[in-house]
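# Architecture at a glance
Read off the chains here:
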Amino acid sequence: MQSTIQVHDKHFEVFIEKNVIEHRINELASQINQDYEGKRPLFLAILNGSFMFAAELMKSVTVACEITFLRVSSYQATESSGKVHQILGLLENIEGRDVIVVEDIVDTGLTMVEIKAQLLAQNPASLSITTLFQKPEALRQPIDIQYIGFEIENKFVLGYGLDYDGLGRNLGDLYVLCE
Ligand code: IMP
């Protein structure tokens, strides 16, 4: 197996192998199965980055559930607060639903804080978050995340859904930028 790859102008090396990632996702699913027994959660997977995590997670979720996909726009300027992300493509009514947001990575946390606030405004019965990766050192706003796959160093990663300028989402292993 080739362990170092080039994507655009940068070199990356394997950081977490696919089988380790998928074992951990299976553990997250088991936890969700326990916590949501008797409920019917609605998973909201944030595109593009979470598609691979969401697909793997759903294969191990055994409670009755639904999944839908949404996008978060790049920053939109507003007059009041400066910049916000907009949620795009959420057609389902989430009022009264047990919602689980599925994200690829929480970096500064700013995106997730905004998504959470916008979803809570729609009165779900409950809202929890699962992210495959989190960079605790990069966090700029405190946020409760119920199901975290891996806490990683504050370095740029790609693969398993995550991209570098459009490329690398298809890689099964997680790669990190070479020093
Ligand atoms: P945040 O608002 O800073 O938490 O940014 C979250 C988003 O930034 C994620 O959903 C990713 O799309 C992107 N992102 C953050 N860190 C990385 C990384 O290391 N590799 C690829 N994308 C990243």
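Bear in mind the structure is a predicted one, so any value in this text is a computation, not a measurement. (Residues numbered from 1 in each chain as written. Predicted model: local features only at pLDDT ≥ 70, side-chain atom pairs only at ≥ 80, totals over all residues. Heavy atoms only, no water.)

For helix α2 (residues 51-60), the full list of buried residues reads Met52, Phe53, Ala54, Glu56, Leu57 and Ser60. In this structure, the buried residues of α2 make contact with α1 (18-35), β3 (42-47), β4 (66-72), β8 (98-106) and β9 (126-134). (Buried < 20%, exposed > 50% of the residue type's maximum accessible area, 1.4 Å probe, protein only. Helix = DSSP H or I, 4+ residues; strand = E, 2+ residues; numbered from the N terminus. Contact = heavy atoms within 4.5 Å.)

With omega at 0°, the peptide bond leading from Leu47 into Asn48 counts as cis. Turning to its location among the elements, Asn48 is positioned in the loop between β3 and α2. Even without a glycine there, the phi angle at His8 is positive, about 50°. Locating His8 in the fold gives a position in the loop between β1 (4-7) and β2 (10-16). Residue His8 is classed as partly exposed on the basis of its relative accessible area of 36%. Despite not being glycine, Asp165 has its phi angle at roughly 50°, a positive value. For Asp165, a relative accessible area of 60% corresponds to the exposed category.

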